[in-house]
Amino acid sequence: MLAPHRCNTLFVYLLSIKSTGQRMNHTVLVTGGAGFVGSHTVVELLLAGHQVVVVDNCVNSAAPPANIAPLPSVNGGHDKDDTVPSVNGGHDKDDTVPFVNGGHDKGDTVPSVNGEHDKGSPALLTRRGVKHLPPSLARVHTITGKEVTAFYTVSLLDRPALSQIFVKHKVDVVIHFAALKAVGESVEMPLTYYVNNVTGTLTLLEVMSEAGVKKIVYSSSATVYGTPQYLPTDERHPTGQGVTNPYGHTKHFCEQIMKDLATADKEWQVVLLRYFNPVGAHESGMIGEDPRGPPNNLLPYIAQVAVGKREILSVYGDDYDTADGTGVRDYIHVMDLAGGHVAALDKMFSEDFKGSVAYNLGTGRGVSVLEMVDAFTRASNRKIPYKIVGRREGDVATMVACCALAELQLGWRATRDLNQMCADAWRWQSQNPDGYV
């Protein structure tokens, strides 16, 4: 095993975060906001007082109900139970109604719901009441008592539709989650990952630039560090070296693009948040991780075994240089991660923030696969059968974060432990055995 690299306060010479007084509220466009981390972050953004516009093609999340009604005329009235909210959250005769396609005026070329660009396509309402949001965002409304400003079923590869959204809304900052994210799948489908993750991000950045929106918080990953040269891994660790899978390459490439952009144009402000294995769920049990098909990540697979949806867990390798031979990861509760995004947003709007900065978001504690199985067994009081199989291509033995910089500059640290991660994940899974279906 690699010799530990001390995670201490060597960052003390860097700028530390200072209180800037009362938080300012902003209009935040969240890509991938109906997904696992995205929906939990939307909860925190709404509770912090921000206005939230969500864009998600729902490839990795449950889609809105399919029976969204065609657009009634503004003068034609609306059903009593299906009030159409305006962009500003109210509804007046002269309000502009948000649409899935980002706006509709006579003569507009209207992209359709499925992301294709088709002149004359019928415009559909963004939402006719909460029941026509994706189920995750409908439940976010129940949790917070607040609604997103608008939701758009749009792919980031659909430039015309994306551009119309920025025309429609006065966006201050973007939080960019939307990406394909399965390490194993990326090894099998590299081209799909490069097109979706890299080309989608490039399109988003170009549209942002045209709209004059030059602030972005990027959902990155610890995979950019590749096989770690020392542990715990801090932000000074080299990136892009020894990356073991196409997913990690896409995250590294997108980081580099944004750093180059911030270097070339001083108006750009970029926060790169490098995640270490999000798990858990909102404590209410109302929203959580709902994978499309077999889970690619450990904890949701364990949870589905515990609830009886899967028969057995496959443990990929027991011959790593770790205490029990199984892979070790730094797991972070999704609500701690969501709070990190709000902290990053506050930092970005502070007077001293410039250029691009990367922050690790983790706990600093490694947990092995078998330790996670034991913890979830205690939380669920269910036996988790498992079998040892061969290593999975693209995996590394151990990855643990040093998060001193985030604590120093963002005033953020993870507070929820492994027991709470498992308890909240089990509450979500046991109350929603089939996810949002």
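Residues numbered from 1 in each chain as written. Predicted model: local features only at pLDDT ≥ 70, side-chain atom pairs only at ≥ 80, totals over all residues. Heavy atoms only, no water.

> Sorry if this is basic, but what is going on with the confidence of the model for the protein chain here?
Detailed reading of predicted coordinates is not advised where the pLDDT is low. For the protein chain, mean pLDDT is 85; residues scoring 70 or higher make up 80% of the total. Note on residues 9-21: pLDDT is under 50 here. Beyond four places in sequence and across chains, it has 20 contacts. Across residues 67-128, confidence stays below pLDDT 50; counting only partners more than four residues off in sequence or on other chains, it has 115 contacts. (pLDDT = per-residue confidence, 0-100. Contact = heavy atoms within 4.5 Å.)

> Help me understand helix α1 (residues 36-47), please; the structure alone is not making it clear to me.
Given 3.6 residues per helical turn, the α-helix brings residues three or four places apart onto the same face. Taking 1.5 Å per residue, 12 residues should reach 16 Å; α1 reaches 18 Å between its end C-alpha atoms and fits that length. Along α1, the residues that are buried comprise Phe36, Val37, Gly38, Ser39, His40, Thr41, Val42, Val43, Leu45 and Leu46. Immediately beyond the C-terminal end of α1, within one or two residues, lies glycine 49, with a positive phi of roughly 95 degrees. (Helix = DSSP H or I, 4+ residues; strand = E, 2+ residues; numbered from the N terminus. Expected span 1.5 Å × (residues − 1). Buried < 20%, exposed > 50% of the residue type's maximum accessible area, 1.4 Å probe, protein only.)

> Honestly, unusual backbone geometry in this entry has me stumped. Any pointers?
The phi torsion of most residues other than glycine is negative, and most of the peptide bonds are trans. Proline 232 follows leucine 231 through a cis peptide bond whose omega is -10 degrees. With respect to the element layout, proline 232 can be found in the loop between β5 (215-221) and α6 (246-264). The backbone phi angle of asparagine 277 is positive, close to 55 degrees, even though this residue is not glycine. Summarising the element assignment, asparagine 277 is placed in the loop between β6 (269-275) and β7 (278-279). Look at asparagine 277 and you get partly exposed, because its relative accessible area is 28%. Although it is not a glycine, asparagine 381 sits at a positive phi angle of roughly 55 degrees. Note on placement: asparagine 381 falls in the loop between α9 (369-380) and β13 (386-389).

> Explain the pattern of salt bridges to me, please; I cannot follow it from the model alone.
Oppositely charged side chains can form a pair if their charged atoms are brought close together. If you walk through the whole model with that rule in mind, you get 14 salt bridges. Notably, a salt bridge pairs glutamate 255 with arginine 274, separated by 2.8 Å at the nearest N-O pair. Within this pair, whereas glutamate 255 is found in helix α6, its partner arginine 274 is found in strand β6, the two being separated by 19 residues in sequence. As far as burial versus exposure is concerned, glutamate 255 and arginine 274 are alike and both buried. Notably, a salt bridge pairs aspartate 424 with arginine 427, separated by 2.6 Å at the nearest N-O pair. One end of the pair is aspartate 424 and the other is arginine 427, both in helix α11 (residues 418-431) and three residues apart, which spans about a single turn. A relative accessible area of 3% places aspartate 424 in the buried class. (Salt bridge = Lys/Arg side-chain N within 4 Å of Asp/Glu carboxyl O.)

> Whenever I open this one, the packing of aromatic side chains confuses me. Can you help?
By convention here, two paired aromatic rings are described through the distance between centres and the angle between planes. On inspection of all chains with the given rule, the structure shows four aromatic pairs. A centroid spacing of 6.2 Å and a plane angle of 25 degrees characterise the contact between tyrosine 194 and phenylalanine 253, whose relative ring orientation is stacked. Of this pair, tyrosine 194 sits in helix α5 (residues 190-211) while phenylalanine 253 sits in helix α6, and the two are 59 residues apart along the sequence. For tyrosine 194, a relative accessible area of 27% puts it in the partly exposed group. (Phe/Tyr/Trp six-rings, centres within 6.5 Å; stacked < 30°, edge-to-face > 60°.)

> Help me understand the sheet that holds strand β9 (residues 328-329) in this model?
Pairing between the strands of a sheet is mediated by backbone hydrogen bonds and can be parallel or antiparallel. Read across the open sheet, the three strands follow the order β12-β9-β14; overall the sheet is mixed. With one partner strand each, in any of the chains shown, β12 (367-368) and β14 (398-399) form the two edges of the open sheet. Bridge analysis of β9 against β14 gives two bridges, and the strand direction is parallel. Across the sheet, residue valine 328 finds its bridge partner in β14, namely threonine 398. (Pairing = 2+ DSSP bridges.)

> Would you take a moment to explain a nonpolar patch on the surface for this structure?
Side chains of Leu157, Leu191 and Val195 sit close together on the surface and give an oily, nonpolar patch of about 270 Å² of accessible area. Residue position: valine 195 is located in helix α5. (Patch = residues over 30% accessible without salt bridge, like charges linked within 9 Å, V, L, I, M, F, W, Y side chains within 5 Å. Areas by Shrake-Rupley, 256 points an atom, 1.4 Å probe, with all protein chains shown as cover.)

> Help me out: how do you make sense of the packing of α1 against helix α8 (residues 334-348) in this one?
Axis angle and axis distance: for two packed helices, these are the angle between their axes and the distance between the axes, and together they describe the pair. Between α1 and α8, the least distance of the axes is 8 Å, while the angle of their chain directions is 60 degrees. Viewed along their axes, α1 and α8 adopt a mutual orientation that is oblique. As α1 packs across α8, the resulting crossing turns out to be right-handed. Residue-level contacts link Phe36, Val37, His40, Thr41, Val43, Glu44 and Leu45 of α1 to Val334, Met335, Leu337, Ala338, Gly339, His341, Val342 and Leu345 of α8. Class assignment of the residues belonging to the contact of α1 with α8 gives a composition of 10 nonpolar, four polar and one charged. (Axes fitted to C-alpha atoms, helices over the stretch in contact; angles between N-to-C directions. Parallel < 35°, antiparallel > 145°, perpendicular 65-115°, else oblique. Left-handed = near helix turned anticlockwise from the far one by under 90°. Nonpolar A, V, L, I, M, F, W, Y, C, P; charged D, E, K, R; others polar.)

> Help me understand α11 in this model?
Its 14 residues give α11 an end-to-end C-alpha distance of 20 Å, which sits within 8% of 20 Å, the value for a rise of 1.5 Å per residue. Tucked inside the fold, the buried residues of α11 contact α2 (135-144), β7, α7 (298-306), β10 (332-333), β12 and α9. One side-chain oxygen of the residue at the start of α11 lies 3.2 Å from the amide nitrogen of asparagine 419, identifying that residue as aspartate 417. (Polar contact = N/O pair within 3.5 Å; in protein donor to acceptor, adjacent residues only side chain to side chain.)

> Is there a simple way to explain the pairing of β6 in this structure?
A regular strand places its side chains so that they alternate between the two faces of the sheet. Buried residues dominate β6, accounting for seven of its seven residues. The alternating pattern of β6 places Gln269, Val271, Leu273 and Tyr275 and Val270, Leu272 and Arg274 on opposite faces, both of which are buried. Strand direction decides the pairing type here: β5 and β6, joined by seven bridges, are parallel. When the bridges of β6 are listed, serine 220 appears paired with arginine 274. In this view, the connection linking β5 to its parallel neighbour β6 by way of α6 has right-handed handedness. Examined bridge by bridge, β6 and strand β11 (residues 356-361) share six bridges and lie parallel to one another. Bridge pairing in β11 places valine 270 opposite serine 356. (Right-handed = clockwise from strand over helix to strand, strands pointing away.)

> Help me understand the environment of glycine 411, please; the structure alone is not making it clear to me.
Take glycine 411: it is sitting in the loop between α10 (404-410) and α11. It is 7.4 Å that separates the C-alpha atoms of glycine 411 and alanine 343, two residues lying 68 residues apart in sequence.

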